[in-house]
Amino acid sequence: MLKSILLFCSFVCFHAAFAQEKIAFTGSNISAKDAQELLTHHNKVRKDVGTTPLIWSTKLAKYAQEWANHLATENNCKMAHRISPGQDEKVYGENIFWGSDGKFFKPIDASVEWYSEIKLYNYTRVTEKNWEATGHYTQMIWENTKEVGVGVSICPNGGIIIVANYYPAGNYLHQYPY
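Residues numbered from 1 in each chain as written. Predicted model: local features only at pLDDT ≥ 70, side-chain atom pairs only at ≥ 80, totals over all residues. Heavy atoms only, no water.

Colleague: Would you mind showing me how to read the pairing of strand β3 (residues 147-154) here?
Modeller: Along any regular strand the residues' side chains alternate between the sheet's two faces. By the criterion of burial, β3 is predominantly enclosed, with six of the eight residues buried. In this sheet, β3 lies alongside strand β1 (residues 55-56) in parallel orientation, the contact comprising two bridges. Within β3, the residue paired with Ile55 across the bridge is Glu147. As judged from the eight bridges shared by β3 and strand β4 (residues 160-167), these two strands associate in the antiparallel manner. In the sheet register, Gly151 faces β4, and the bridge partner there is Val163. Hairpin connection, β3 to β4: the antiparallel pair is bridged by five residues, and Gly158 has positive phi, about 95 degrees. (Buried < 20%, exposed > 50% of the residue type's maximum accessible area, 1.4 Å probe, protein only. Helix = DSSP H or I, 4+ residues; strand = E, 2+ residues; numbered from the N terminus. Pairing = 2+ DSSP bridges.)

Colleague: I keep staring at unusual backbone geometry and nothing clicks. Help me out?
Modeller: When glycine is set aside, most residues are seen to have a negative phi, and most peptide bonds are trans. With an omega of -15 degrees, the peptide bond between Tyr167 and Pro168 qualifies as cis. Take Pro168: it is sitting in the segment after β4. Phi at Asn76 takes a positive value of approximately 60 degrees, unusual for a residue other than glycine. Along the polypeptide, Asn76 turns up in the loop between α3 (58-74) and β2 (93-99). Backbone geometry places Cys77, a non-glycine residue, at a positive phi of 60 degrees.

Colleague: Looking at this model, I keep getting lost on the sheet that holds β2. Mind explaining?
Modeller: Hydrogen bonds between backbone atoms are what pair the strands of a sheet, whose relative direction is either parallel or antiparallel. Pairing is mixed across the open sheet formed by four strands, whose spatial order is β1-β3-β4-β2. Each end of this open sheet is capped by a strand with a single partner; those strands are β1 and β2. Note that β2 and β4 share seven bridges and pair antiparallel. Looking across to β4, one finds that Trp98 is bridged to Ile161. Most of the contacts of helix α5 (residues 131-141) go to β2, to which it runs at about 130 degrees, and overall it touches β2 and β4. (Contact = heavy atoms within 4.5 Å. Axes fitted to C-alpha atoms, helices over the stretch in contact; angles between N-to-C directions.)

Colleague: Would you explain the packing of aromatic side chains in this entry?
Modeller: How two aromatic rings sit relative to each other is set out by the distance from centre to centre and by the angle between their planes. Overall, the coordinates contain eight aromatic pairs when judged by the stated rule. Between the aromatic rings of Tyr92 and Tyr167, the centroid separation amounts to 6.0 Å while the plane-to-plane angle is 75 degrees, which identifies the pairing as edge-to-face. One end of the pair, Tyr92, is in the loop between α3 and β2; the other, Tyr167, is in strand β4, and 75 residues separate them in sequence. For Tyr92, a relative accessible area of 14% puts it in the buried group. According to the relative accessible area criterion, Tyr167 is partly exposed, its value standing at 36%. (Phe/Tyr/Trp six-rings, centres within 6.5 Å; stacked < 30°, edge-to-face > 60°.)

Colleague: What is the right way to look at the confidence of the model for the chain in this model?
Modeller: Any region with low pLDDT has predicted coordinates that should not be read closely. Overall, the predicted model of the chain reaches an average pLDDT of 88, with 83% of residues at or above 70. Residue range residues 1-18 is modelled with pLDDT below 50. Its contacts to residues more than four positions away, or to other chains, number five contacts. (pLDDT = per-residue confidence, 0-100.)

Colleague: For this particular structure, what's the right way to read the state of the cysteines?
Modeller: Here, disulfide denotes a covalent bond that connects the sulfur atoms of two cysteines. All chains considered together, the criterion is met by one disulfide. Shown here is the disulfide that connects Cys77 with Cys155, its sulfur atoms set 1.8 Å apart. With the S-S bond torsion at 65 degrees, the cross-link from Cys77 to Cys155 turns out right-handed. Placement of Cys77 in the loop between α3 and β2 and of Cys155 in the loop between β3 and β4 is noted, with a sequence separation of 78 residues between them. Judged by its relative accessible area of 7%, Cys77 falls in the buried class. (Disulfide = S-S within 2.5 Å.)

Shown next as structure tokens:
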């Protein structure tokens, strides 16, 4: 019994040590409330598979905001992953969400959409065949990923672009996410 109690306390203390205080400054256009909601959702999904909670990164949020702004204005509100040879190549993982059709979307909607790929995922290695259908979800739960930051931009046509960047990146081919 004592062993079970100690094991439980160790688990709670371990997760509490990684719990993040309330987000006050996001580093991007996302509100602190929306950032907290999105981070909480990510961490619930991660807890479900036994990976450690993420922390919010203002550096990643700023980086994500730059790309969200680019996509919304210079890329005609079309989704495209950042291709950046050099310093940031595969250092940051990236999930992108686009929404329009007169519907109001919030950042949590992006997180829920990325998570919905769980229905297509059965615990396997990331491969050329499955990463496109499940890569948003596997990036959310990637075991080695520790930080997330999100940027939000409104397109001239009223659509919304939401970009999440993760550090370190996940979705390495032929590896398990956890």
